[in-house]
Amino acid sequence: MLSGLKILVAEDNELSQKIAFFILKKQGAIIDTAYNGLEAIDLLRKNNYDLIIMDLHMPEMGGYEATEYIRNIMKNNIPIIGLTASNWEEDMGECIKRGMNNCIVKPFDPDNLCETILSVLRKDNKN
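Let me begin by describing the structure that accompanies this report. Only a predicted model underlies this, so the values are computations on that prediction, with no experimental measurement involved.

Attention shifts here to the pattern of salt bridges. Going through the model one piece at a time under the given rule, you end up with seven salt bridges. The salt bridge involving Lys18 is made with Glu14; its shortest N-O contact spans 3.4 Å. Of this pair, Lys18 and Glu14 both sit in helix 1 (residues 14–26), four residues apart, roughly one helical turn. Since its relative accessible area comes to 44%, Glu14 is described here as partly exposed. A salt bridge links Lys46 to Asp42, with the nearest nitrogen and oxygen atoms 3.0 Å apart.

If you want it as structure tokens, here you go:
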């Protein structure tokens, strides 16, 4: 389903990171991981990715701040999906406002995660 896609997962929770890695790898994606927004930005500078999955709340630099940096300083329009463990409706609005393309709730359903990725990439390819 995600065969050959290069995805960066920025997530500070090791269990959530491993679950995302396993789900995406099983679908054929190539995965890099970061523990915070600063690491994600550093990896994005060095590598090409098709998409970033970004936890909203991480130490040093959270997902909102990292997304704003990617959009406003790096001028990079890579698709970004936010990960939240709290109120989806509230976070979804903030994710879009800050420059993310979509947002999903943890713990995430594997099928929903993959469908969200494909949906965001389809929309991105139309622009």
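And the narrative resumes.
Below, the discussion takes up the environment of Ile96. Relative to the helices and strands, Ile96 is located in helix 4 (residues 88–98). C-alpha separation for the pair Ile96 and Ala40, spaced 56 residues apart in sequence, amounts to 19 Å. Among residues more than four places away in sequence, those in contact with Ile96 are Asn101 and Asn102.

Before going further, it helps to spend a moment on the sheet that holds strand 4 (residues 80–84). Taken in spatial order, the five strands of this open sheet run 2-1-3-4-5, and their pairing is parallel. On the outer flanks of this sheet lie strand 2 (30–34) and strand 5 (102–105), each paired with one strand and no other. Within this sheet the neighbouring strands show an average axis-to-axis angle of 20°, counted without direction. Pairing between strand 3 (residues 51–55) and strand 4: four bridges, direction parallel. Across the sheet, the residue bridging to Met54 is Gly82, located in strand 4.

Cut-off values and rules
Residues numbered from 1 in each chain as written. Predicted model: local features only at pLDDT ≥ 70, side-chain atom pairs only at ≥ 80, totals over all residues. Heavy atoms only, no water. Salt bridge = Lys/Arg side-chain N within 4 Å of Asp/Glu carboxyl O. Helix = DSSP H or I, 4+ residues; strand = E, 2+ residues; numbered from the N terminus. Buried < 20%, exposed > 50% of the residue type's maximum accessible area, 1.4 Å probe, protein only. Contact = heavy atoms within 4.5 Å. Pairing = 2+ DSSP bridges. Axes fitted to C-alpha atoms, helices over the stretch in contact; angles between N-to-C directions.

Remember that the coordinates give geometry; whether it matters functionally is a separate question.
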